[in-house]
Amino acid sequence: MKGLKYLLVLLCLLFLSGCWDQNPLKDSSLAMASSSDLRSDGKLLYAASFPRSTQGGKGGSQQQIVEIVSATANTPREAQMKIDSKISGTFDSSKLRVLLIGEALAKQDINLFLDVLYRNPKTALSARPAVVEGMAIDLINLKLIGGEEISKYLINSMQSLQDLTIVNHENIESIFAKMLDPGQDFLIPYIKLDKNKSRASVKGLAMFHGNKYSGKHLTVDQSIMYHLMENEKGKMARFTKKVISSPRPSMNNYITVNVKKMKRKLKVEVKKSGEINAHIHLNLKMDVIEYPHNRLASKEEIPKLNEMLSKELTKEAKTVIKKIQEANCDGLGIGRRIIAFYPNRWKKLNWEVDYPKIQIIPSVHVEIISHGITD
Amino acid sequence: MKSEHTITQGQLVFYIIQTQIGIALLSLPYTLFKVSKQDAWISILIAGIFVQIFLVIFWLLNSRFPTLTIYEILPKLIGKILGKVMVFLYAFQFTLFSSAVLIFYGHLLKIWVLENTPIFVVILLLVFTGVYLGKQNLRIIARFSVFVSFFLLVLFVLVALSFKDANFLYLLPMAKTGWFTILKGSKEATLAILGFDAYLVIGPFVQGPAKGKLKAVTIANLFVTLFYTYLVVASLAYFSPEEMKIIPEPILYLIKSFSFGVVERTDLVFISIWMVMVTTSFVNYLYIASTGVATLFGQPSHSKFVPYVAGVAALIALFIDNRETIKFFTKFVTNAGMVLVLFLPLILLLISYLTRKKETGVKNY
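Here the structure is a predicted model, which is why all the values come from computation and not from measurement.

Trainee: Teacher, can you tell me more about the overall build of chain B here?
Mentor: Along the backbone of chain B there are 17 helices and zero strands. For chain B, the C-alpha radius of gyration of 20 Å lies close to 21 Å, the compact-globule estimate for 365 residues. Each principal axis of the C-alpha atoms in chain B carries an extent, and together these give about 60 × 45 × 35 Å. Each of the 365 residues in chain B was classed as buried or not, and the buried ones make up 59%. In chain B, the proportion of contacts linking residues at least 24 apart, taken out of those at least 6 apart, comes to 84%. With the model as given, the accessible surface of chain B reaches about 14800 Å², and the carbon-plus-sulfur share is 72%. Taken as two groups, the 29 positive and 15 negative side-chain charges of chain B have centres that lie 14 Å from each other.

In structure tokens, the structure reads:
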């Protein structure tokens, strides 16, 4: 009797392991990166990269190859279905790491083609979006040295740029929140292919307004400044500035500093007249990492540098503010603060029109605290 | 009363917690947000205060009839025939709660994990587990609730990870939606907080003095209310308001967006823990409902009736299969629950005071 009981339990095990939803790796093709472009006829050109390992000839060593498959369709889902028929195994986007968006498509409502990712429970929401200058498919088709897979290359490069405060850690989940919020916008990396199409490089941050790419982007230096104003800093944040004006172009005229510590104050105030002012104050403690001029030992030099750098960086900050306001991209979330602290004023605002008109006043204060192991 | 039917006050705490925390856990911030927007967390706190008021009413009722369950009190207070009808309604109501658990559980798994598995398989698996455990005596069921409560810690930690990307400005302006709206929001929490009504049935089986029982249910309520508030605040701060509107299961979505290198879909880890919470809710309701049926038939033990009650619950659950009917069913269950579970005990208590009826001859230990 007891034996029968155990037998029944064992039988149960056989039946309980449901096989409806098993999803074996061997049957699926994992897309690691995808690119989406808008064709001139209004259709979507979608491509995905599938890394595969094949058994090499006699030696039996594994070989990495990357397969890029593209399809033209009306929606991303349709494109994925078309790709499905072209590849072995089913299309699986659950390991997607990079989402490349062509410039033309980014200028449309990107929420429309992201919908499929948000709706499907299997999507990896940690995938990182990026805007590509021109066509994104050119980037995904890039042949890299050593046959490296494109998503790996891009993720690695973004990771190192994140340490340098050039790129932020936005993923498709975090941009979703900002995209739908009227008081916030987001910026994502802007990637450009080199002229000879052998390398790609991040050229800064693409500024979005709501769900559309504004068509403008911040440069690398401006991106660093922008992140500091957003109160985000990677491991390093470096600036090279001209501090000595001499008629001869020379390395001697420049200083490179790294932000060691920072404090940011962002204050939004609504005046009685209804005027909106935002003050951003940055207090940066810097480390000199390159200064061929070598006069740091003298007493007057450091205060002088502090002042010059403060002036230079405030100028830089003003340019950034001007650019994001021109792009109508409220990346600093000033609108959100008005909703939070001045809800009545917000109701009367038309943020679309009013944001570029508000006063955002940045000020940067630099203090050099160290200068490496030489004076 | 047989000794294995009694539980300690500590077990009571966990029994209540586990009955309350279950299906509505994942969608609570969404349902509240639909009404009281960024003030959803105030709504849940207020709901907690209401629960406390009702718990005191239950407790007062229980102190007047220390060894009787609600099913036994009913015929004493409102007459035999009406009493029996009400007992039936109560038992049926609790059966409906258990079907609600099955429905939510089945559909959530269908959408999030087991897309291709037939829903009846998913539901029946829970029903079998439920029957197996529900047939045991109260002490064993309560012990299971205690054991399982340690998993709440995991949920706590997983949700805590979201705070690094949280934006607390989403919670402002505070209390701007108006107190009436906030109160209305509290009503939306009904499905999530139902479960403390278990005290009506298991109250008499708790050992110790009456005061200790009140303390136990208060602790349980405090814990659940704070835990819910924590979840609501976490999701409000993580998702922007416009995003909240379109995400029906915010807690899962929030956890889904974390990935730890190897574990890409953290939500699956979460769901497997949540399934255990759901099982306890289901089992606890099953026990309460079948105790009612047993009283109705004058039987001392509930065990015999567990399979039937579970069968009815499963049948109802299998018939309700699209989003619209689920919505309707939820509305029906919560409204009926409000009347039966919340207001009727108050009336009973009043009748008991007015007619001076109470249980005599038992030591109120």
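Trainee: What am I meant to see in the layout of surface pockets here?
Mentor: Over the atoms a probe the size of a water molecule is rolled, and this reveals where empty space is left. Empty space within the largest pocket amounts to approximately 1300 Å³. Along the walls of the largest pocket sit 43 residues, with His 169, Glu 170, Ser 174 and Glu 232 of chain A together with Asp 165 of chain B positioned nearest its centre. Residue assignment for the lining of the largest pocket shows that the elements contributing at least two residues are helix 6 (150–163), helix 7 (172–180), strand 12 (254–270) and helix 10 (334–341) of chain A together with helix 12 (210–238) of chain B. Of the residues forming the lining of the largest pocket, the biggest block, four residues, is contributed by helix 7 of chain A. Residues of the lining of the largest pocket, tallied by class, amount to 15 nonpolar, 14 polar and 14 charged.

Trainee: Would you mind showing me how to read the interface of chain A and chain B here?
Mentor: The figure often quoted for interface size is the accessible area lost as the parts come together. Contact with chain A, which involves 27 residues of that partner, is made by 32 residues of chain B. In this assembly, chain A packs against chain B so that about 2500 Å² is buried in total across both faces, 57% of it on carbon and sulfur atoms. Interface area lost by chain A to chain B is led by Trp 20, Asp 21 and Pro 121 of chain A, which between them contribute 25%. Between the two partners, chain A and chain B, sit one salt bridge. Here Lys 122 of chain A and Glu 115 of chain B are joined by a salt bridge, their closest N and O atoms 3.7 Å apart. Linking chain A with chain B are six residue pairs in polar contact (both at pLDDT 80 or more), by the criterion used here. When residues of the side of chain A that touches chain B are traced back to their parent elements, those giving at least two are helix 7 and helix 10 of chain A. Considering every element that reaches the side of chain A that touches chain B, the biggest residue donor is helix 10 of chain A, with five residues. Its residues assigned to classes, the side of chain A that touches chain B comprises 14 nonpolar, six polar and seven charged.

Trainee: Teacher, can you tell me more about the domain arrangement of chain A here?
Mentor: All names here are of chain A. For chain A, the assigned domains read domain 1 (27–218) and domain 2 (244–375). Each of domain 1 and domain 2 was reduced to a C-alpha centroid, and the two centroids are 32 Å apart. On the side of domain 2, 17 residues touch domain 1, which itself brings 14 residues to the contact. Taken together, domain 1 and domain 2 are joined by one salt bridge. Among the salt bridges present, the one from Asp 181 reaches Arg 336, with a minimum N-O distance of 2.8 Å. Here domain 1 is connected to domain 2 by six residue pairs in polar contact (both at pLDDT 80 or more). Broken down by secondary-structure element, the contributors of at least two residues to the side of domain 1 that touches domain 2 are strand 9 (200–209) and strand 10 (212–218). At four residues, the largest contribution of residues to the side of domain 1 that touches domain 2 is made by strand 10.

Trainee: Honestly, unusual backbone geometry in this entry has me stumped. Any pointers?
Mentor: One can expect most non-glycine residues to show negative phi and most peptide bonds to be in trans. Look at the link from Leu 172 of chain B to Pro 173 of chain B: it is a cis peptide, with omega at -10 degrees. Counting through the fold element by element, Pro 173 of chain B comes out in the loop between helix 8 (151–160) and helix 9 (179–188). Backbone geometry places Asn 328 of chain A, a non-glycine residue, at a positive phi of 55 degrees. As for its position among the elements, Asn 328 of chain A is in the loop between helix 9 (301–326) and helix 10.

Trainee: Looking at this model, I keep getting lost on the environment of Phe 260 of chain B. Mind explaining?
Mentor: All names here are of chain B. Position of Phe 260 relative to the elements: it lies in the loop between helix 14 (250–256) and helix 15 (266–296). Note on Phe 260: relative accessible area 43%, which makes it partly exposed. Setting aside residues no more than four positions away along its own chain, Phe 260 makes contact with Leu 161 and Thr 266.

Trainee: Please clarify how the pairing of strand 7 (residues 128–132) of chain A should be interpreted in this entry.
Mentor: For a regular strand, the rule is simple: side chains alternate between the two faces of the sheet. Residues and elements named next belong to chain A. Burial of strand 7 is extensive: five of the five residues sit out of reach of the surface. Burial of strand 7 is two-sided: the residues Arg 128, Ala 130 and Val 132 facing one way and the residues Pro 129 and Val 131 facing the other way are all buried. As judged from the five bridges shared by strand 6 (residues 98–102) and strand 7, these two strands associate in the parallel manner. Paired with Ile 101 across the two strands is Val 131, which belongs to strand 7. Sheet analysis places strand 7 next to strand 8 (residues 187–193), joined by two bridges and oriented parallel. The residue of strand 8 that forms the bridge with Val 131 is Tyr 190.

Trainee: Hey, could you run me through the pattern of salt bridges in this one?
Mentor: All names here are of chain A. Counted under the stated rule, the structure contains 13 salt bridges over all chains. Glu 316 is paired through a salt bridge with Lys 241; the nearest N and O atoms lie 2.6 Å apart. Of this pair, Glu 316 sits in helix 9 while Lys 241 sits in strand 11 (residues 238–242), and the two are 75 residues apart along the sequence. Glu 316 gets classed as buried once you look at its relative accessible area, which sits at 10%. Since its relative accessible area comes to 10%, Lys 241 is described here as buried.

Trainee: Help me understand helix 4 (residues 70–78) of chain B in this model?
Mentor: An α-helical turn contains 3.6 residues, so a residue and the one three or four places further along point in the same direction. All names here are of chain B. Turning to helix 4, its buried residues are Ile 70, Tyr 71, Ile 73, Leu 74 and Leu 77. The arc that holds the buried residues of helix 4, viewed along the axis, is 155 degrees, so those residues lie on one side. Buried positions along helix 4 lie against helix 3 (40–64), helix 5 (80–112), helix 11 (198–202), helix 15 and helix 17 (323–354). At the C-terminal side of helix 4, Gly 79 shows a positive phi close to 90 degrees.

Trainee: I'm lost on the environment of Gly 215 of chain A in this one. Help?
Mentor: All names here are of chain A. Within the secondary structure, Gly 215 is located in strand 10. By relative accessible area, Gly 215 is classed as partly exposed at 30%. In sequence terms Gly 215 and Ala 327 are 112 residues apart; their C-alpha atoms lie 7.8 Å from each other.

Conventions we followed
- Residues numbered from 1 in each chain as written.
- Chains lettered and ligands numbered in written order.
- Predicted model: local features only at pLDDT ≥ 70, side-chain atom pairs only at ≥ 80, totals over all residues.
- Heavy atoms only, no water.
- Helix = DSSP H or I, 4+ residues; strand = E, 2+ residues; numbered from the N terminus.
- Rg over C-alpha atoms; globule rule 2.2 N^0.38 Å.
- Buried < 20%, exposed > 50% of the residue type's maximum accessible area, 1.4 Å probe, protein only.
- Contact = heavy atoms within 4.5 Å.
- Areas by Shrake-Rupley, 256 points an atom, 1.4 Å probe, with all protein chains shown as cover.
- Lys, Arg positive; Asp, Glu negative; His and termini not counted.
- Charge placed at Lys NZ, Arg CZ, Asp CG, Glu CD.
- 1 Å grid on protein atoms, 1.4 Å probe; cavity = no way out; pocket = protein on both sides within 12 Å on 5 of 7 lines; lining within 4 Å.
- Points joined across faces, edges and corners; volume = space filled by probe spheres on them.
- Nonpolar A, V, L, I, M, F, W, Y, C, P; charged D, E, K, R; others polar.
- Buried area = accessible area lost by both parts, 1.4 Å probe.
- Salt bridge = Lys/Arg side-chain N within 4 Å of Asp/Glu carboxyl O.
- Polar contact = N/O pair within 3.5 Å; in protein donor to acceptor, adjacent residues only side chain to side chain.
- Domains from an automatic or database assignment.
- Pairing = 2+ DSSP bridges.
- Arc of directions from axis to C-beta.

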